[in-house]
Amino acid sequence: MSAITQHRNPPRRRGMCPGVLAPMEVGDGLLVRVRVPAGVLPAASAKRIAELGRRYGNGLVDLSHRGNLQLRGVAAAEMEALIAELRALGYVSEDAESEAVRNVLTSPTAGLDGTAVLDVRPCALALDARLAADRDLHRLPPKFGWLVDGGGQATLFDSSTDVRFDAVGVDGPLFRVGLGGTFEGAVVLGYCRPDDLVELAAAVAQAFLELRQTLAEPPRRMAGLVKALGVEALRERVAAWLLTCPHPSHAAHGPLPSPAGQGREFSSTQISSPPPPSGGGSGWGQTPATRSFLGRQPSWLGVAFPFGRLDCDKLEALAALTHEIRITPWRALLLAAPQDGAAEKAAALGSILDHGDIRLKLTACSGVTGCDVGTTDTHADGLAIAERAAGLLEAVRMVHVSGCAKGCAHPGAADVTLTAREGVYDVALNAAPGGTPWRSGLTPEAAITAVASLSGADLSVEELPRVR
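Quick caveat, the model's predicted, so the values are computed rather than measured.

Trainee: What exactly am I supposed to notice about the pairing of strand β6 (residues 68–74) here?
Mentor: Consecutive side chains of a regular strand alternate in pointing toward one face of the sheet and then the other. Most of β6 is tucked away, with seven of its seven residues classed as buried. Bridge analysis of strand β3 (residues 29–35) against β6 gives five bridges, and the strand direction is antiparallel. Paired with L30 across the bridge in β6 is V74. Pairing geometry for strand β5 (residues 60–63) and β6, over three bridges, is antiparallel. Across the sheet, the residue bridging to L63 is L69, located in β6. Hairpin geometry of β5 and β6 is characterised by an intervening segment of four residues between the two adjacent antiparallel strands and by a positive phi of about 75 degrees at G67.

Here's what the structure looks like:
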């Protein structure tokens, strides 16, 4: 069952449906987030969502970094009717608390990719169901996230979350359980069998809830708890669900961290892990490896759109090309077992099918067209940069056009960052939104011209002259 999620405990707005948390209010109306468990969206459901987006919203759909669909421009007066329609489809539960904690990110190619360690859909769906049904777990912070990755061509290696289960091994797969981060950055808790994943997850959640209350300032994310108390405090409470020693058949790459205490030290056996993607990050949080799912593949067709935005007409048209759509955390879609000629039809809709398309290196928030603090048309300005600065985009990892210093689309540093304020841009190099500008107070046209004048070599210079 899919779900719609909104912010926890904001003020109730007139016309809101009881039992459902109030949605986020943005510049073009209310933003309704539709969560798709395991990222699997039947084509019939996608068509119906497109119909509802046109009827109750402004017809725009955003794809999020958490593998969700977002319907934009919903009027407060229309919310109750929209929720009723989605509930009738099985996309909204009666319990608002369960909606807030069902944050499970899943391999979008699960069941489609023969190179994956295993099909993780059953594990992800079982975890989603447990989070929805177990009221003790509804006390988790609303952004507390889970990840279930089967590996393969479109690994979630670079996705950061609170608790991650990464499939490892060749014969009789296991999950490596990591806490607070990406595959490389997470602290390893241990290993578990697929059949134990749900119970271990529930035990980890309970341990997090109990341990956070022992601190003067209870952390809301797992990384904060591990930093404050260490991983052993958690491992002691969930040891019953962790393996004492992985099976020798998993031997391949990388030494195992050896958990101290509890008589649960791993042997010197080594376990295979997903290989790190090559290259650095780029637009929408993608790496060159994770973008390689785009275009025609043996079992799917990968399509993206500039800035992860399409409209309901395009969503409906894509749904007509397949029996099932997969939602990815890279703001793109996979069409499972697409019809003949689907690639040509998708391209005619404006889809990006080439993983080398320079527009994939652009990221931008909604700007003035969809945010009440935006003062520039970030999408239009970003596309103008794509037209006039192709050489730069080929050389860099990311150019970010931010509607304000908050950097909602990408709060971290980019090779080039344009930060809008009162209708003008400050342009910074190798910086986050609001960083020290290289050029400041530029009109959109002047900012685009300035960015187009840069080359990749310019970004290797530590200090560039500032022109005010």
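And the narrative resumes.
Trainee: What is the right way to read the nonpolar core from this model?
Mentor: Proteins that are soluble and globular tend to have nonpolar side chains buried together. In this structure, L140, W146, F165, F175 and M222 are the most contacted members of the largest nonpolar core, which totals 44 residues. Contributing elements (two or more residues each) for this core: α4 (121–133), β8 (146–149), β9 (161–168), β10 (174–181), β11 (187–192), α5 (197–212), α6 (222–229) and α7 (231–238). Looking at this core, the element that brings in the most residues is α5, giving 12 residues. Beyond its immediate stretch of four places on either side in the chain, W146 contacts V101, N103, V104, L105, L127, L131, L140, T161, V163, F165, A201 and A205. Within the second largest apolar cluster, 37 residues are counted, among which are A50, M79, L310 and I327.

Trainee: Explanation requested: the sheet that holds strand β12 (residues 295–296) in the structure shown.
Mentor: Note: strands within a sheet are paired through backbone hydrogen bonds, in either parallel or antiparallel orientation. Taken in spatial order, the five strands make up an open sheet running β4-β15-β16-β13-β12, and their pairing is antiparallel. Because the sheet does not close on itself, it has two edges, and the strands there are β4 (40–42) and β12. Pairing geometry for β4 and strand β15 (residues 324–327), over three bridges, is antiparallel. Paired with V40 across the two strands is R326, which belongs to β15.

Trainee: Is there a simple way to think about the sheet that holds strand β20 (residues 424–431) in this case?
Mentor: The five strands are arranged β17-β18-β19-β20-β21 in an open sheet whose pairing can be described as mixed. A single partner strand is all that each edge strand has here, and the edge strands are β17 (362–364) and β21 (439–442). Ignoring which end each strand starts from, the neighbouring axes of this sheet average 20 degrees apart. Taken together, the seven bridges between strand β19 (residues 414–421) and β20 define a ladder with antiparallel strand orientation. Among the inter-strand pairings, R421 is bridged to a residue of β20, identified as V424. Against the sheet, helix α13 (residues 444–452) makes contact with β19, β20 and β21, and its axis sits at roughly 150 degrees relative to β21, the strand it touches most.

Trainee: Is there a simple way to think about the packing of α6 against α7 in this case?
Mentor: Angle between the axes and distance between the axes are the two parameters that describe a pair of packed helices. Look at α6 against α7: their axes get within 6 Å of each other, and the N-to-C directions meet at 105 degrees. In terms of their interaxial angle, α6 and α7 are classed as roughly perpendicular. Of the residues in α7, those touching α6 at M222, L225, V226 and L229 are V231, A233 and L234. Here the residues of the contact of α6 with α7 sort into seven nonpolar, no polar and no charged.

Trainee: How should I be thinking about the environment of A100 in this particular structure?
Mentor: By the secondary structure assignment, A100 is in helix α3 (residues 96–101). For A100, a relative accessible area of 3% translates into the label buried. When the C-alpha atoms of A100 and K143 are compared, they prove to be 7.5 Å apart, with 43 residues separating the residues in sequence.

Trainee: In this structure, what is going on with the pattern of salt bridges? I would like to understand it.
Mentor: One side chain can pair with another of opposite charge once the charged atoms of both are near each other. Under the defined criterion, the tally for this structure stands at 20 salt bridges. Its salt-bridge partner being R55, residue E85 comes within 3.0 Å of it at the nearest N-O pair. A residue pair is termed long-range when its members are at least 10 positions apart, and E85 in helix α2 (residues 79–88) and R55 in helix α1 (residues 43–56) qualify at 30 residues. Take R55: its relative accessible area is 46%, and that puts it in the partly exposed class. Put simply, R359 and D357 hold a salt bridge, and the shortest N to O gap is 2.9 Å. Given a relative accessible area of 25%, R359 falls into the partly exposed group. Salt bridges sharing partners connect three or more residues here, namely R48, E51, R55 and E85.

Trainee: Quick question: what am I supposed to make of helix α9 (residues 312–319) here?
Mentor: In an α-helix, one turn spans 3.6 residues; hence positions three or four apart end up facing the same way. Among all positions of α9, only C312, L315, L318 and A319 are buried. Seen end-on, α9 carries its buried residues on one side only, within an arc spanning 125 degrees. N-cap assignment for α9: the residue whose side-chain oxygen lies 3.1 Å from the backbone N of D313 is D311.

Trainee: I keep staring at the packing of aromatic side chains and nothing clicks. Help me out?
Mentor: Each aromatic ring pair is described using two quantities: the centre-to-centre distance and the angle formed by the ring planes. The tally for this structure, following the rule as stated, stands at five aromatic pairs. An aromatic cluster of at least three residues, connected via ring pairs, comprises F144, W146 and F208. One residue, R176, lies across the ring of F183, its end atom 3.8 Å from the ring centre. The ring of W438 is capped by R439, whose NZ or CZ atom sits 5.7 Å from the centre of that ring.

Trainee: Can you walk me through the environment of L393 in this structure?
Mentor: Following the sequence through the fold, L393 ends up in helix α12 (residues 390–395). For the pair L393 and D357, spaced 36 residues apart in sequence, the C-alpha separation works out to 9.6 Å. Residue contacts for L393: discarding those within four places in its chain leaves I358, K361, L362, I385, A386 and V399.

What counts as what
Residues numbered from 1 in each chain as written. Predicted model: local features only at pLDDT ≥ 70, side-chain atom pairs only at ≥ 80, totals over all residues. Heavy atoms only, no water. Buried < 20%, exposed > 50% of the residue type's maximum accessible area, 1.4 Å probe, protein only. Helix = DSSP H or I, 4+ residues; strand = E, 2+ residues; numbered from the N terminus. Pairing = 2+ DSSP bridges. Core = buried A, V, L, I, M, F, W, Y, C linked by side-chain atoms within 4.5 Å. Contact = heavy atoms within 4.5 Å. Axes fitted to C-alpha atoms, helices over the stretch in contact; angles between N-to-C directions. Parallel < 35°, antiparallel > 145°, perpendicular 65-115°, else oblique. Nonpolar A, V, L, I, M, F, W, Y, C, P; charged D, E, K, R; others polar. Salt bridge = Lys/Arg side-chain N within 4 Å of Asp/Glu carboxyl O. Arc of directions from axis to C-beta. Polar contact = N/O pair within 3.5 Å; in protein donor to acceptor, adjacent residues only side chain to side chain. Phe/Tyr/Trp six-rings, centres within 6.5 Å; stacked < 30°, edge-to-face > 60°. Lys NZ or Arg CZ within 6 Å of the ring centre and 35° of its normal.

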